Amino acid sequence: MKIDFANLQYQHNLYKDEIEEAILKVARNCNFIMGNEVQELEKSLEDFTGAKYAVTCSNGTDALLLAMMALDIKPGDEVITTPFTFIATAETIAFLGATPVFVDIDEKTYNIDPNKIEDKITSKTKAIIPVSLYGQAADMDKIQDIATKHNLKIIIDGAQSFGCTYNGKTDSNLGDISTTSFFPAKPLGCYGDGGAVFTNDEKIANKMKSLRLHGQSKRYHHKYIGMGGRLDTLQAAILNIKLKYYPKDLALRQEVAFKYTKALETKTNLILPYIDEKATSAWAQYSVRVKNRDEVQNRLKEAGIPTAVHYPMPLHLQECFLYLGYKKGDFPISEIVSDEIMSLPMNPYVTDEEIEYIVGNL
Ligand SMILES: *Cc1c(COP(=O)(O)O)cnc(C)c1O
């Protein structure tokens, strides 16, 4: 058996006629920049997430930049986040001249541990960026309490969690601003780069709309230092089709995760994903912990089963962040999980036979 990790090909074939027609329509209209499809998508994203304002943008990294720029994060500020995430979360903080301040993760959810946040708050702290890793929001009730108490902003990095819920709300509808990514392999992916920011605050929404268009207030009049951060009409057209089917995709991902968990429950050599009772996951990844990971990955590879590691090195140990002065041992849970974590093939179309084969080989 040969198993595909994200199975984008299968998904394209499923919606092929509609998607290819939408692509052709944009090509024929030549409305490549900020075409109607973009506004249409933003309206649908607002309906889907429950957030009052959705602003699409070029990718999930720029989404983080737009969010921080809208909140005036600047050199000298400190922003608290997790070291167990994709580089973009902390890279964007540093890119704006602010300082990423890391806090270790919870051992069960792998998300930022709210009990360790307050120790790291100083007079320079401006914001907290929890990441909804693998598709599950962090402990937002506790994080929101801390933010309110210390007058801090919250930006949720929801690049992996579009459509997940926490206390019944999507994570696009929590915090001050929430971001997502439409990178092809994310739960809702486009056919290239794409992203969005969400907020319930009209002023912040308008500022982010302006920032993504070079900070302009009207054409060639610039209120802010902004960026070229628009989403292509072509990507919006594709997302308009894919979003219609996304609730079904999410339900299928949940089913696949449930089947994995059921089939793996008796494997004592693995630690399985943990979903908090307040949360549902978008299941960007199904990640397990295993002690002899390299060996297991190699064995699976030989059997035609692809695996991935999200992520093999926590951010406080990355070369680019050496200047922050962290060392090995500073965030022990992030370090252990980085050594043991392994993602299994995950997409809405993993079959029962594939799950049986994967579990059999584990
Ligand atoms: C993918 C990802 C990003 C960046 O999104 P891009 O669209 O690739 O720029 C940011 N944060 C996290 C946690 C991600 O997984």
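Procedures and definitions
Residues numbered from 1 in each chain as written. Predicted model: local features only at pLDDT ≥ 70, side-chain atom pairs only at ≥ 80, totals over all residues. Heavy atoms only, no water. Pairing = 2+ DSSP bridges. Helix = DSSP H or I, 4+ residues; strand = E, 2+ residues; numbered from the N terminus. Axes fitted to C-alpha atoms, helices over the stretch in contact; angles between N-to-C directions. Contact = heavy atoms within 4.5 Å. Near = heavy atom within 4 Å. Polar contact = N/O pair within 3.5 Å; in protein donor to acceptor, adjacent residues only side chain to side chain. 1 Å grid on protein atoms, 1.4 Å probe; cavity = no way out; pocket = protein on both sides within 12 Å on 5 of 7 lines; lining within 4 Å. Sits in = over half its atoms within 2 Å of the grid points. Nonpolar A, V, L, I, M, F, W, Y, C, P; charged D, E, K, R; others polar. Points joined across faces, edges and corners; volume = space filled by probe spheres on them. Domains from an automatic or database assignment.

Caption draft 1: Molecular detail of the sheet that holds strand β8 (residues 177–181). Reading across from one edge, β1-β9-β8-β5-β4-β2-β3 is the order of the seven strands in this open sheet, with mixed pairing throughout. Two strands close off the open sheet at either side, each with one partner strand: β1 (53–57) and β3 (99–102). Across the sheet, the mean angle from the axis of one strand to that of its neighbour is 25°, orientation sign disregarded. Pairing of strand β4 (residues 125–129) with strand β5 (residues 153–157), which is carried by two bridges, proceeds in the parallel orientation. Looking across to β5, one finds that Ala127 is bridged to Lys153. Running at roughly 165° to β8, helix α3 (residues 60–70) makes contact with β1, β4, β5, β8 and β9 (195–199) of the sheet.

Caption draft 2: Expanded view of unusual backbone geometry. The residue after His310, namely Tyr311, is reached through a cis peptide bond having omega 10°. Locating Tyr311 in the fold gives a position in the loop between α8 (293–302) and α9 (332–340). A positive phi angle is found at Cys30, which is not glycine, with a value near 55°. Tracing the backbone shows Cys30 in the loop between α1 (8–29) and α2 (36–49). Positive phi values are uncommon outside glycine, yet Asn167 reaches one of about 50°. Its place among the elements puts Asn167 in the loop between β6 (165–166) and β7 (169–170).

Caption draft 3: Focus on the site of the ligand. The environment of the ligand is formed by 16 residues, the closest being Gly60, Thr61, Asp157, Ser181 and Lys186. Within the side chain of Gln160, an N or O atom sits 2.9 Å from an oxygen atom of the ligand. Between the ligand and Ser181, the relevant distance is 2.7 Å, taken from an oxygen atom to a side-chain nitrogen or oxygen of the residue. Spatially, the ligand is embedded in the largest pocket. Residue assignment for the shell around the ligand shows that the elements contributing at least two residues are α3 and α4 (88–95). Here the residues of the shell around the ligand sort into six nonpolar, eight polar and two charged.

Caption draft 4: Inspection of empty space enclosed by the protein at higher detail. Following the criterion strictly, the structure yields two cavities of 30 Å³ or more and no others. As for the largest cavity, its lining consists of 14 residues, and the residues nearest its centre are Tyr134, Gln136, Pro273, Tyr274 and Ile275. Taken together, the residues of the lining of the largest cavity break down into seven nonpolar, six polar and one charged. Each of domain 1 (8–240) and domain 2 (246–361) contributes no fewer than three residues to the lining of the largest cavity. A volume near 60 Å³ is recorded for the second largest cavity. In terms of lining, the second largest cavity is formed by 13 residues, of which the most central are Ala6, Leu8, Gln11, Arg253 and Pro348. For the lining of the second largest cavity, the elements supplying multiple residues, two or more each, are α1 and α7 (233–264). Among the residues making up the lining of the second largest cavity, the classes are represented as seven nonpolar, three polar and three charged. Taken domain by domain, the makeup of the lining of the second largest cavity includes at least three residues from each of domain 1 (8–240) and domain 2 (246–361).

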